[in-house]
Amino acid sequence: MPELVIMRGLSGSGKSTHIQQHYPNHYVCSADLFFEGLADSQGTTYRDVFDPRLLPQAHASCLREFILMLDGVNDLVVDNTSSQKWEYENYVLLAALAGYNVVIVEMPCRGFLDVKRYCERSVHGAPMYAMEAMFERWEHDERAISP
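Residues numbered from 1 in each chain as written. Predicted model: local features only at pLDDT ≥ 70, side-chain atom pairs only at ≥ 80, totals over all residues. Heavy atoms only, no water.

Visitor: Lay out the overall build of the protein chain in plain terms, naming residues and giving numbers.
Guide: Looking only at helices and strands, the protein chain features seven helices and four strands. Since a compact globule built from 147 residues should have a radius of gyration of about 15 Å, the 15 Å found for the protein chain is in line with a globular shape. Projected onto the principal axes, the alpha-carbon positions of the protein chain cover approximately 40 × 40 × 25 Å. Sorting the 147 residues of the protein chain into buried and exposed places 39% on the buried side. A separation of at least 24 residues holds for 75% of the contacts in the protein chain among residues at least 6 apart in sequence. For the protein chain, the computed accessible surface area is about 8,300 Å², with 55% contributed by carbon and sulfur atoms. Charge-centre separation for the protein chain: the mean point of 12 positive side chains lies 6 Å from the mean point of 20 negative side chains. (Helix = DSSP H or I, 4+ residues; strand = E, 2+ residues; numbered from the N terminus. Rg over C-alpha atoms; globule rule 2.2 N^0.38 Å. Buried < 20%, exposed > 50% of the residue type's maximum accessible area, 1.4 Å probe, protein only. Contact = heavy atoms within 4.5 Å. Areas by Shrake-Rupley, 256 points an atom, 1.4 Å probe, with all protein chains shown as cover. Lys, Arg positive; Asp, Glu negative; His and termini not counted. Charge placed at Lys NZ, Arg CZ, Asp CG, Glu CD.)

What follows is the structure in structure tokens.
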């Protein structure tokens, strides 16, 4: 049965490392890839091109890529922060309709000390106030597993 893994977690929480270790053969869809593509096309870095005003475009690009991959790719990962359930429910619904087994993985964040640590090690340079806001609005999903 094909599988969709929804990776959830703050920037710097270890999502990408977890994917590399546990889902190395899965096709990854991510809003980050939009910004990485911009950076590559401009010969610069993710931090140089990241603009929060472009997040709607980045997430639309991620969803579009996901929909294209549903018809032919057996194992997929959607790798976004997804601090609230509504942010990934369309992926869950579409994958279920296409016959995928859906696994939701939440990277742990136990409090503001973890938020600070994730902020310091994040490669994307999210400011502490943005990380705190993500943590404050986090919705736990009872369907999720935690590594």
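Visitor: Could you give me a rundown of helix α4 (residues 55–70), with the residues and numbers involved?
Guide: Taking 1.5 Å of rise per residue, 16 residues should cover 22 Å, and α4 covers 23 Å from first to last C-alpha, within 8% of that figure. Buried residues belonging to α4 abut β1 (3–8), β2 (27–29), α2 (31–42), β3 (75–79) and α5 (89–97). (Expected span 1.5 Å × (residues − 1).)

Visitor: Let's hear about the sheet that holds strand β4 (residues 101–106): which residues, and what values?
Guide: Here we have four strands laid out as an open sheet, ordered β2-β3-β1-β4, and parallel in their pairing. The sheet is open, and its two edges are formed by β2 and β4, each paired on a single side. In this sheet, adjacent strand axes meet at a mean angle of 20° when their direction is disregarded. As paired strands, β2 and β3 are joined by three bridges and run parallel to one another. Note on β3: the bridge partner recorded for tyrosine 27 is leucine 76. Relative to β1, α5 is tilted by about 170°, and along the sheet it contacts β1, β3 and β4. (Pairing = 2+ DSSP bridges. Axes fitted to C-alpha atoms, helices over the stretch in contact; angles between N-to-C directions.)

Visitor: So what's going on with the pairing of β1? Which residues, and what values?
Guide: Of all the six residues making up β1, six are buried; the element is thus mostly covered by neighbouring parts of the structure. Alternating positions in β1 separate into two faces, Glu3, Val5 and Met7 on one and Leu4, Ile6 and Arg8 on the other, with burial throughout. Note: β1 against β3, five bridges, orientation parallel. Following the sheet pairing, valine 5 is matched in β3 by valine 77. Judged from the six bridges that link them, β1 and β4 form a sheet pairing that is parallel. Paired with isoleucine 6 across the strands is isoleucine 104, a residue of β4.

Distances and angles like these do not, on their own, reveal function.
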